[in-house]
Amino acid sequence: MGFLKKLLIGKVSQRDKPKYNPIVRRILNIRAIWNNDHQDDNGLEKIVRLLLSSSQLLFPGLYIKYIANKLGHEYQDLALDFYVLAKFVFPIVILVNHWQYDQFIMGIMVYLLLETVLYIPTLIFASDLFNKPRSYKRSMLLLFFNYMEIVISFAVLYTHGNNMNKPFEHWFDAIYFSIVSSNSIGFGDYYPITTFGKVLVSLQALFFLSFVVLFLNFFSNKVKNKGYFDNDEVE
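As the structure is a computational prediction, the values presented were derived from the model and not from experiment.

Rules behind the numbers
- Residues numbered from 1 in each chain as written.
- Predicted model: local features only at pLDDT ≥ 70, side-chain atom pairs only at ≥ 80, totals over all residues.
- Heavy atoms only, no water.
- Core = buried A, V, L, I, M, F, W, Y, C linked by side-chain atoms within 4.5 Å.
- Buried < 20%, exposed > 50% of the residue type's maximum accessible area, 1.4 Å probe, protein only.
- Helix = DSSP H or I, 4+ residues; strand = E, 2+ residues; numbered from the N terminus.
- Contact = heavy atoms within 4.5 Å.
- UniProt positions renumbered as here; feature names shortened; annotations may be inferred.
- Expected span 1.5 Å × (residues − 1).

### A closer look at the nonpolar core
Here comes step 1: Among the nonpolar cores identified, the biggest contains 32 residues, and Leu95, Tyr158 and Phe168 are the most heavily contacted of them.
Here comes step 2: Looking at this core, the elements with two or more residues in it are helix 5 (75-97), helix 6 (103-125), helix 7 (136-159), helix 8 (171-182) and helix 9 (195-226).
Here comes step 3: Setting aside anything within four residues of it in sequence, one finds Tyr158 in contact with Asn163, Met164, Phe168, Phe177, Ser178, Ser181, Gly197, Leu200, Val201 and Gln204.

Here it is, written out as structure tokens:
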């Protein structure tokens, strides 16, 4: 047990302990946006920031962090790591087992996908309300798994119905098409023929531009220089 704790949790000091639990912290973030405590925004920008910050209250990630915090603040990152990995693996399991026509399972996948899709612009437009992470490299690694979750979830959506010019012969073919579409390559062996399929490809291309180009540039060049709150407190 000591070996696993050292491996998975590492060195933790009381200095790392956040002042508020994740739910209270999120509510305070929303209040800070409303009161313009950190940024003098208004109009459309303020509305978007409020909606994005509030949206996290609708999804499991925040509550998983809250439960883990009760075990000890050092378990928050670990719980979130496993949650992100589980969300990454879930659409692969759907493809392998051909569960894409189960409406309940598809509903869960879309719900979890929506959490990730909304989390990314939250980091962009409301980054000043996040605490400085213990490790930027860890944040970038989780970001990569977030992106792959989106790619594979779109692969599942592509297989739902007859959206392509021909059926995918293997479950990985859908992932392959999703990857090349997300990078705007398009070799021509698969392409959408329905309006729904074309909308999916268009949305995925937009996610690629915003997620990879815009956000990674923002994260590496701006956030790394000053930190989220530009202080020593970590979340």
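### A few points about the UniProt feature "transmembrane region" (unreviewed entry) in the protein
Here comes step 1: The positions that UniProt labels "transmembrane region" (unreviewed entry) are, in the present scheme, residues 80-99, 105-127, 139-158 and 199-219.
Here comes step 2: What you have in residues 80-99 is 90% helix and 0% strand, and the ends, taken at the C-alpha atoms, are 25 Å apart.
Here comes step 3: With 100% helix and 0% strand, residues 139-158 has its two end C-alpha atoms placed 29 Å apart.

### Concerning helix 5
Here comes step 1: Its 23 residues give helix 5 an end-to-end C-alpha distance of 32 Å, which sits within 8% of 33 Å, the value for a rise of 1.5 Å per residue.
Here comes step 2: Buried residues of helix 5: Gln76, Asp77, Leu78, Ala79, Leu80, Tyr83, Val84, Lys87, Phe88, Pro91, Ile94 and Leu95, and no others.
Here comes step 3: Two residues or fewer after helix 5 comes His98, characterised by a positive phi angle close to 55 degrees.

### Points about the environment of Ala126
Here comes step 1: Structurally, Ala126 can be placed in the loop between helix 6 and helix 7.
Here comes step 2: Placed 74 residues apart in sequence, Ala126 and Leu52 show a C-alpha to C-alpha distance of 7.8 Å.
Here comes step 3: Not counting residues up to four positions away in its chain, the partners in contact with Ala126 are Arg49 and Pro121.

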